Amino acid sequence: MADKFGELRIFNEAHTFVLAIYKSTKSFPSFEQFALTSQIRRSASSIVANIVEGNARNHRKEFLQFLYLANGSLEETKYHLLLSKDLNYLDEVEYKVLHEQSEIVGKMLNGLIQYLKSVNRKS
């Protein structure tokens, strides 16, 4: 485990994804401010928050638990992206870019989960 969350590659990738979500949702309709806009931002930022909190724990098993929570938040965010596209709040290109970023974050999360699980088996 890294001493500082900023040293984790997954943190940096997920943080970049959250910033892109915030930027894209600025153009959502104002009546969605306390609905979909808020929900997608909260689920996206929850990905990073769980990575950070899990990394701060002293045990790999706890870190793993938080990574599973981060993965759940990622899947929730993916649904909100799809909904946003289907409501025409995101165009096809912007949706594709954000979806591809979410896939990268997911692969990195799953890779870290698999690594920590293999380390736990060896310990």
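Quick note: structure is the one above.
Residues numbered from 1 in each chain as written. Predicted model: local features only at pLDDT ≥ 70, side-chain atom pairs only at ≥ 80, totals over all residues. Heavy atoms only, no water.

(A) Looking closely at the overall build of the chain. Counting secondary structure elements, the chain contains four helices and zero strands. Along the chain, helices (α) and strands (β) appear in the sequence α-α-α-α when read from the amino end. Taking 123 residues into account, the globule formula puts the C-alpha radius of gyration at 14 Å, and the chain, at 15 Å, falls close to it. With the C-alpha coordinates of the chain rotated into their principal frame, the extents come out at 50 × 25 × 20 Å. Once local pairs closer than 6 in sequence are excluded, the contacts in the chain between residues at least 24 apart make up 75%. Accessible surface computed for the chain: about 7,200 Å², of which carbon and sulfur atoms make up 53%. Distance between charge centroids for the chain: 7 Å, based on 16 positive and 14 negative side chains. (Helix = DSSP H or I, 4+ residues; strand = E, 2+ residues; numbered from the N terminus. Rg over C-alpha atoms; globule rule 2.2 N^0.38 Å. Contact = heavy atoms within 4.5 Å. Areas by Shrake-Rupley, 256 points an atom, 1.4 Å probe, with all protein chains shown as cover. Lys, Arg positive; Asp, Glu negative; His and termini not counted. Charge placed at Lys NZ, Arg CZ, Asp CG, Glu CD.)

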